[in-house]
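Here are the chains, one letter per residue:
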Amino acid sequence: MNLPTFSSKWDLETLFKGGSQSEEFLIYLKDISVSINQLNQATLKWPNTFTCEDVSILEDILDSMSNSIVKLEQANSFVGCLQAQNTADTEANILRAKVTDLNTDFSKAILKVDQLLGDIEEGTWKQVLKQPELTDLTYILNEMRNQSKDKLSVEKEQLIQQLSVDGYIGWEQLYDLLVSKVQIPFTENGVEKSLSVGQAYNKFSDSNRKVRKELLGKWEAGWGNQKELFAEALNRLSGFRLSVYKERGWENPLKEPLAINRMKMETLDMMWQVISENKQPLIDYMNQKAKVLEVEKLGWYDLEAPIAEANSVLSYQEGAEFIIKQFSNFGPLLTNFTKKAFEKNWIEAEDRPNKAPGGFCTGLPDTNESRIFMTYSGTPSNISTLAHELGHAFHSYAMEDVHPLNSDYAMNVAETASTFAEMIVADAALKHTTNKEERLALLDDKLQRSVAMLMNIHSRFLFETAFYEERKQGYVSSDRLSELMLNAQKEGYSDSLEEYHPLFWASKLHFFITDVPFYNFPYTFGYLFSLGIYANALEEGQDFEEKYIALLKDTGSMSVEDLAMKHLSVDLTKKDFWEKAVKMATSDVEEFISLTNC
């Protein structure tokens with residue numbers, strides 16, 4: 001494969017020159033403010049009684065909405081990149097506050113639009129949706145109209161949005177600042193270092209169990225040093241959320257995340273039921289891995305432990321070439337897009353201090369680009385993460401010609417594209433290796449992912465479910481939060497581990513995200529849903545890429561149940577689909593056990 005040398009540092013200068021000091025970006029923020037003002041002005045032209053003759057007014061509103069959405073997403077993504085690449089960049093934090101204010105102004109404007117749509121007489125509404133200009137927007141317009149009927153008055157909802165800047169969202173941003181101060185001490189080659197949480201986390205895949213175990217203790221201590229502050233942030237954030245739910249008359253904390261993910265409660269319940277009934281193969285895998293590591297039971301710090309050394313570390317260049325090669329077995333569009341992402345320096349993968357933990361992909365719709373963030377150290381897990389984020393980027397690419405109002409796909413289907421990309425890389429690698437050690441390492445990496453999606457994520461869901469019930473009664477102490485997390489982990493992992501991570505509630509930023517409450521179950525949904533798509537891809541080969549893109553294009557304009565029925569002909573509220581998906585997720589256990597018994 002004749003490819004250029006790829007940089008492990010991304011290029012943000014092509015977006016806005018000057019980073020957090022960018023004058024271009026400040027001008028761009030002013031343009032967004034003008035766009036939102038135009039939206040507000042357009043709503044003032046709304047007639048007292050809306051008729052089909054007033055459709056042009058609605059079209060003007062939707063145009064202003066679309067323009068604001070594109071620019072706000074561009075701004076949010078740029079600032080998120082600045083903050084992630086350097087947690088000590090205080091100017092980026094100031095820019096975040098400016099963008100947050102604009103997001104709030106836009107949300108307040110949308111509340112007014114929702115109400116205007118909700119006030120249209122039912123017969124007139126049906127006629128409005130038949131207008132050729134609006135036919136493609138039927139789903140999103142109905143969704144907006146129905147949302148207005150499920151909330152408080154516009155004035156109260158706008159007040160909630162305004163208060164959230166210094167309340168709800170403020171606590172999330174405080175958490176991000178606290179995380180940037182967490183340092184984990186680590187001794188390497190006799191030298192004591194102070195690692196960022198992103199750097200430290202990668203050490204959990206170290207081949208030395210003593211190192212991993214020692215790290216978990218220091219990891220817990222590092223987060224424990226500020227556990228009271230983290231508990232305060234989590235309690236206040238969730239308290240704000242629950243207070244809003246109470247005013248709206250929403251009793252179930254899952255009402256909002258299910259609506260955001262366009263998903264039925266029956267689907268979620270069925271998914272977790274099937275998973276709970278079918279964890280034994282994963283328990284068998286973990287017990288076998290414990291034998292390989294010559295311990296009685298795995299500890300939390302063993303979950304990502306390598307069990308094979310052969311070719312287990314690839315340079316960034318080697319990892320990139322590996323992914324491109326495996327994507328080429330699926331289809332040319334995904335392959336060419338991935339080459340472009342590497343060549344255009346859309347990826348930040350360098351291992352250095354002051355980077356934020358974790359990985360993400362963020363879309364930049366105004367320039368039809370994406371940016372991917374992670375800390376790369378060459379492990380199979382890193383390669384999976386990189387493929388995962390490239391899947392997100394390809395999803396955005398597939399939606400480029402979709403109307404902006406139909407491009408806002410939910411987290412659960414977003415995770416479908418990313419997980420699908422992971423599986424392409426993992427399975428293609430397995431098919432092309434003849435080395436036993438290499439095959440074992442790849443199998444282990446795949447099964448680690450299944451454990452994460454079906455056990456780790458389940459424990460997060462169980463924790464949040466229990467936490468919100470207790471939070472309704474009052475403040476939940478840091479020690480109690482750790483108890484709830486320990487209980488959830490024991491249930492999620494079927495009590496199969498020797499040691500757990502009680503302070504996971506503090507170290508996992510997903511619990512502090514305000515955009516999507518219950519930032520957990522969509523991962524598992526996406527993982528299993530992608531298995532159904534992947535099964536079709538295996539049957540049809542490269543001919544499937546066109547159908548795959550058609551499915552991705554629909555992700556922002558229908559419920560997940562309708563999406564599954566249209567493209568996979570399956571009912572997500574029934575057991576059949578989930579049982580087949582879980583079986584696929586655990587299908588490598590027998591081979592893993594066989595190889596490690598030899």
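All of these numbers come straight from a predicted model, not from anything done at the bench.

Peer 1: With reference to specific residues and values, describe the overall build of the protein chain.
Peer 2: From N to C terminus, the protein chain includes 25 helices and five strands. In summary, the protein chain has a C-alpha radius of gyration of 24 Å against a globular reference of 25 Å for 598 residues, a match within 12%. Counting only C-alpha atoms and orienting by the principal axes, one finds that the protein chain spans roughly 75 × 55 × 50 Å. For the protein chain, the residues scored as buried account for 55% of the 598 residues in total. Put simply, 76% of the contacts in the protein chain that link residues at least 6 apart link residues at least 24 apart. Looking at the protein chain, you have 60 positive and 90 negative side-chain charges, and the mean spots of the two groups are 2 Å apart.

Peer 1: Before we move on, could you go through the nonpolar core and cite the residues and values that matter?
Peer 2: Core analysis: the largest hydrophobic core is formed by 146 residues, its most contacted members being F463, W505, F521 and L528. With 14 residues, helix α18 (residues 436–471) is the largest single contributor of residues to this core. Excluding residues that lie within four positions of it along the chain, F521 makes contacts with L254, P257, L258, N261, M263, L268, M271, W272, I457 and F461. By size, the runner-up hydrophobic cluster in this structure holds 49 residues, among which are L58, M65, L129 and L364.

Peer 1: Give me helix α23 (residues 560–568): which residues, what numbers.
Peer 2: In an α-helix, one turn spans 3.6 residues; hence positions three or four apart end up facing the same way. Among all positions in α23, only V560, E561, L563, A564 and L568 are buried. The arc that holds the buried residues of α23, viewed along the axis, is 160°, so those residues lie on one side. On its buried face, α23 sits against α12 (265–277), α17 (411–431), α21 (521–540), α22 (545–554) and α24 (575–585). Positive phi shows up at S569, right after α23, with a value of about 55°.

Peer 1: How would you summarise the packing of aromatic side chains if you had to cite specific residues and measurements?
Peer 2: Taken as a whole, this structure holds 45 aromatic pairs when the rule is applied. Consider the rings of Y285 and F592, whose centres lie 5.0 Å apart with planes at 70°: the pair is edge-to-face. With Y285 in helix α13 (residues 280–292) and F592 in helix α25 (residues 589–597), this residue pair connects regions lying 307 residues apart in the sequence. You'll find Y285 and F592 in the same group, each marked buried. Among the aromatic residues, those joined into a ring-pair cluster are W272, W300, F461, F463, F467, Y468, Y493, F504, F511, F518 and F521.

Peer 1: I'd love a proper account of the pairing of strand β4 (residues 360–364), names of residues and values included.
Peer 2: Two faces, one strand: in a regular strand the side chains alternate between the faces of the sheet. Where β4 and strand β5 (residues 369–373) come together, five bridges link them in antiparallel fashion. When the sheet's bridge partners are listed, G363 is paired in β5 with S370. In sequence, β4 turns back onto β5 through a hairpin of four residues, with N368 there showing a positive phi of about 55°.

Calculation criteria
- Residues numbered from 1 in each chain as written.
- Predicted model: local features only at pLDDT ≥ 70, side-chain atom pairs only at ≥ 80, totals over all residues.
- Heavy atoms only, no water.
- Helix = DSSP H or I, 4+ residues; strand = E, 2+ residues; numbered from the N terminus.
- Rg over C-alpha atoms; globule rule 2.2 N^0.38 Å.
- Buried < 20%, exposed > 50% of the residue type's maximum accessible area, 1.4 Å probe, protein only.
- Contact = heavy atoms within 4.5 Å.
- Lys, Arg positive; Asp, Glu negative; His and termini not counted.
- Charge placed at Lys NZ, Arg CZ, Asp CG, Glu CD.
- Core = buried A, V, L, I, M, F, W, Y, C linked by side-chain atoms within 4.5 Å.
- Arc of directions from axis to C-beta.
- Phe/Tyr/Trp six-rings, centres within 6.5 Å; stacked < 30°, edge-to-face > 60°.
- Pairing = 2+ DSSP bridges.

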